[in-house]
Amino acid sequence: MSVVSRTPPPCRIRAEKFRYGVGPNLAERVGFDAVSRSSVFGVKERVVGSSSLSWGAENGARALGFGASGCKRLGHFIVAASPPTEDAIIATEPLTIEDLVDYLASGCKPREAWRIGTEHEKFGFEIDTLRPMKYGQIADLLNSLAERFDWDKIMEGDNIIGLQQGKQSISLEPGGQFELSGAPLETLHQTCAEVNSHLYQVKAVAEELGIGFLGIGFQPKWGLKDIPIMPKGRYEIMRNYMPKVGSLGLDMMFRTCTVQVNLDFSSESDMIRKFRAGLALQPIATALFANSPFTEGKPNGYLSMRSHIWKDTDKNRTGMLPFVFDDSFGFEQYVDYALDVPMYFIYRKKKYIDCTGMSFRDFLVGKLPSIPGELPTLNDWENHLTTIFPEVRLKRYLEMRGADGGPWRRLCALPAFWVGLLYDDVALQNVLDMTSDWTEEEREMLRNKVPITGLKTPFRDGLLRHVAEDVVNLAKCGLERRGYKETGFLREVAEVVRTGVTPAEKLLDLYHGKWVGNVDPVYEELLY
C-alpha cells in the first residue's frame, strides 16, 4: 500500500537569459539529464526537473551534455576523458553565486521521476599471487569488456581509463579499484540485476586473464608501495597534494573501496530533510556495512578502517557537516561551503592544471593564479563538487557515502537501506523525529567511535545496535509501502542487527580461528 505523502514545497522557479554559448550538438547530448531543452535554446531555469541524473563522480559533466564529441574507432565509440573538453560550453559572462545555486537546484524532480543510482568499487587481484592487478592487465580487461559486451571506451590520451554503456559507466580509482557507476533505475530489483549483470561480465573476462575481484573496504594485504598508479591526470595532482593536508589521504586514494547510493529530492525542503537524515544515520550504515578490519595482513584495530581513514584525509573537504542542521541551511549555504573547499584542478586543452589549495571564489572573478583572467564554466563547478568528500555529498542528487565495499549481496542491501528510509515519507519523518534531539557532539562521537566499535558503540542509555534495529525496521516498512516487494534486499543488514555482529567481526573470527592468523583466505571468502 502506498502512503499518501505531504507534498513538499516546489523549488523556486526563476528564468533569465542563459549566458553561455553552446556547441551545435549540445541539445542532442543533453539526453536524460536535468538541463532542459529550454536551457539549450536560450532560457536558464531553476525548476523541478523531469528526468534522472547520471551517477558517478567523474561522469556528471559528461552526462550533462557538457562533454566532448567522440569518434568511431574499430567499431566502438571512443569517449573523451572526463572531465570532457572545455570547449562545449564557453563562458561569455562571469558565473554568479546564484548560478551555482541554480545548478544544484536543477536536480529537483517530482517523486515519479526519483531514481536509484548505485556505485560500487572492488579490488582486482592476480589469482595466482594475490597481488593487485597492474594497469596493463586493467587495460586488457577494459578492452575485452568493450569488445565482448559492447561498451564504449573512455580514453585519456592513449590510455583507456573507463567504459560507458548507456547511462552506466566503469571507471578506475587511483589504485586501480574497479568501479561501476550504475544507471539511474526505478526499483531495487533493477539495481540488483544491474549489479549482477556487471559482475557476470567482469568475471567472464577476468577469469580468462587470471584476475579475481575482492569485495572489501580496505586493501587487506598489500602496502602503498605495492599498489599500481593509474594513468589519470587528476590523480597525479591529488597524489602530490594529499600528504600536505592529512596523513591518510594516500591510503584513501589507493587502498579503499566503497559502495554508495545516489538518491533524488523533489525540492530544497526535501533535500534538507534527506540530507539531515542521511548525515545523522551515516554512522549506523558504517557499522552495518563495516568490512575493513585488516591492514597489510594483520588486524588493524578497526572494524571499518576505510571510514577511519576519512578522518585524516583532508579536514577541509570531509566530515559530518554540522551546518546542515542549521535553520538557515539550503542550496545557497552548501554553495558557500563548497566555494571555501580548496580546489584540486581545472581541465583545459585536454590537460589537468594543478590548482591545489586555490579558491573557487577567486576563480569566479578571474583571479585564479594558475590561469589568471580566465572564468569558470559549469563544467568547472561540477568537477569541483566531485572533489568534496563529506559523509553525505550534495550535487544534483544526494550521495550516501558511509559504507565499506563488500560482497554482492551487500551491494544490493545498501541502496535498499537508504531507499526504504529516504524515499518513503513516513519512514523519513520517523527518522527525523528519532534524531531531532541528537546533538552535534553526539553525531560526531558516533562518527569517531563507530569505525572501532561498530554496533557495540555506547549511545545514550544503550548501544548503537538498539538504534540500528529500529532504523532497519523503519527501512523495511518504507520498502513495503513502496509496493515493489523489495524487502528481501534487507536480509543482509537485518541479520547484522539481529546478531549484533558486523561483517568485519565475522572476518576477525575467521582470522583468529579457521584461518589461523593468515589473511590470505579473505580473497576466497569475499571473492566475487
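As the structure is a prediction and not an experimental result, all values here were calculated from the model.

Visitor: I'm lost on the nonpolar core in this one. Help?
Guide: Buried together is how nonpolar side chains tend to be arranged in soluble globular proteins. In terms of nonpolar packing, the biggest core is built from 113 residues, with Phe178, Phe275 and Trp418 touching the most fellow members. With eleven residues, the top contributor of residues to this core is helix 9 (residues 268-288). Those residues within four positions of tryptophan 418 in sequence are excluded, and the remaining contacts are Val261, Leu263, Ala277, Gly278, Leu281, Gln282, Ala285, Met400 and Tyr423. Core analysis: the next-biggest nonpolar cluster, separate from the first, contains 39 residues, Leu214, Phe294, Leu507 and Val522 among them.

Visitor: Quick question: what am I supposed to make of the pairing of strand 13 (residues 258-263) here?
Guide: A regular strand places its side chains so that they alternate between the two faces of the sheet. Of all six residues in strand 13, six are buried; the element is thus mostly enclosed. Burial along strand 13 is two-sided: Thr258, Gln260 and Asn262 facing one way and Val259, Val261 and Leu263 facing the other are all buried. Here strand 7 (residues 116-126) pairs with strand 13 via five bridges, running antiparallel. The residue bridging threonine 118 from the neighbouring strand is valine 261, located in strand 13. In the sheet, strand 13 pairs with strand 21 (residues 398-404) via five bridges, with the strands oriented antiparallel. Bridge pairing in strand 21 links valine 261 to methionine 400.

Visitor: Honestly, helix 19 (residues 503-512) in this entry has me stumped. Any pointers?
Guide: Residue pairs spaced three or four apart in an α-helix point in one direction, given the helix's 3.6 residues per turn. Those residues of helix 19 that sit buried are Pro503, Ala504, Glu505, Leu507, Leu508 and Tyr511. Elements in contact with the buried residues of helix 19: helix 9, strand 14 (294-295), strand 15 (298-299), helix 14 (408-422), helix 18 (491-499) and helix 20 (522-525).

Visitor: Would you take a moment to explain the environment of glutamate 480 for this structure?
Guide: Mapped onto the secondary structure, glutamate 480 falls in helix 17 (residues 464-482). In sequence terms glutamate 480 and glycine 420 are 60 residues apart; their C-alpha atoms lie 8.2 Å from each other.

Visitor: In this structure, what is going on with a negative patch on the surface? I would like to understand it.
Guide: Taken together, the side chains of Asp326, Asp327, Glu440, Glu441 and Glu444 define an acidic patch exposed on the protein surface. Here glutamate 441 lies in helix 16 (residues 440-453). Residue glutamate 441 is classed as exposed on the basis of its relative accessible area, which comes to 58%.

Visitor: Would you mind going over the environment of lysine 122 with me for this structure?
Guide: Note that lysine 122 resides in strand 7. A sequence separation of 57 residues divides lysine 122 from glutamate 179, and the C-alpha atoms of the two residues are 6.6 Å apart. Sequence-distant contacts of lysine 122, defined by excluding residues within four places in its chain, comprise Gln177, Phe178, Leu180, His198, Leu199, Phe213, Leu214, Cys257 and Tyr528. Among the polar contacts made by the side chain of lysine 122, one reaches the side chain of histidine 120 at a distance of 3.0 Å.

Visitor: Could you clarify how one ought to interpret unusual backbone geometry in this entry?
Guide: Generally, phi is negative for residues other than glycine and the peptide bonds are trans, each holding for most cases. With phi around 45°, leucine 321 is a residue other than glycine that occupies positive phi space. Looking at the secondary structure, you find leucine 321 in the loop between strand 16 (318-319) and helix 11 (331-339). Classification of leucine 321 as buried rests on a relative accessible area of 5%. Positioned with a positive phi, lysine 350 is a non-glycine residue whose angle comes to about 65°. By the element assignment, lysine 350 lies in the loop between strand 17 (345-348) and strand 18 (351-354).

Visitor: What's the story with the pairing of strand 11 (residues 178-181) in this structure? I'm lost.
Guide: Here strand 11 shows no split at all, with Phe178 and Leu180 on one side and Glu179 and Ser181 on the other all buried. With four bridges joining them, strand 7 and strand 11 adopt antiparallel strand pairing. Each residue of the ladder has a partner; that of glutamate 119, found in strand 11, is serine 181. The pairing of strand 10 (residues 168-172) with strand 11 spans four bridges and is antiparallel. Across the sheet, residue serine 169 finds its bridge partner in strand 11, namely serine 181.

Reading the values: rules and limits
The residue numbers shown here count from 1 along each chain, following its written sequence. With pLDDT at 70 or above as the cut-off, local features in this predicted model cover only qualifying residues; side-chain atom pairs require 80 or more to be listed or tallied, and sums for whole chains, interfaces and linings still use all residues. Excluded from the side-chain calculation are hydrogens and water; included are all heavy atoms of the structure. Nonpolar cores were defined as sets of buried Ala, Val, Leu, Ile, Met, Phe, Trp, Tyr and Cys residues, with membership established by side-chain atoms within 4.5 Å. Only protein chains enter the accessibility calculation, which uses a 1.4 Å probe; a residue is then buried when its area is under 20% of its type maximum, exposed when over 50%, and partly exposed in between. Runs of H or I in DSSP of at least four residues are treated as helices and runs of E of at least two as strands, each being numbered from the N terminus. Contacts between residues were defined by any pair of non-hydrogen atoms, one from each residue, lying within 4.5 Å. When DSSP finds at least two bridges between two strands, those strands are taken to pair. Two distance rules govern patches: like charges are joined within 9 Å, and nonpolar side chains (Val, Leu, Ile, Met, Phe, Trp, Tyr) within 5 Å, applied only to residues with over 30% relative accessible area and no salt bridge. The protein chains shown are the only cover counted for residues, whose accessible areas, like all others here, come from Shrake-Rupley with a 1.4 Å probe. When a carboxyl oxygen of Asp or Glu lies within 4 Å of a side-chain nitrogen of Lys or Arg, that pair is called a salt bridge. In this charge count, Lys and Arg are treated as positive and Asp and Glu as negative; neither His nor the chain ends contribute. Charged groups are reduced to one reference atom each: NZ for lysine, CZ for arginine, CG for aspartic acid, CD for glutamic acid. For this analysis, a polar contact is any N or O atom pair within 3.5 Å, provided that within protein one partner can donate a hydrogen and the other can accept it, and provided that sequence-adjacent residues contribute only side-chain to side-chain pairs.

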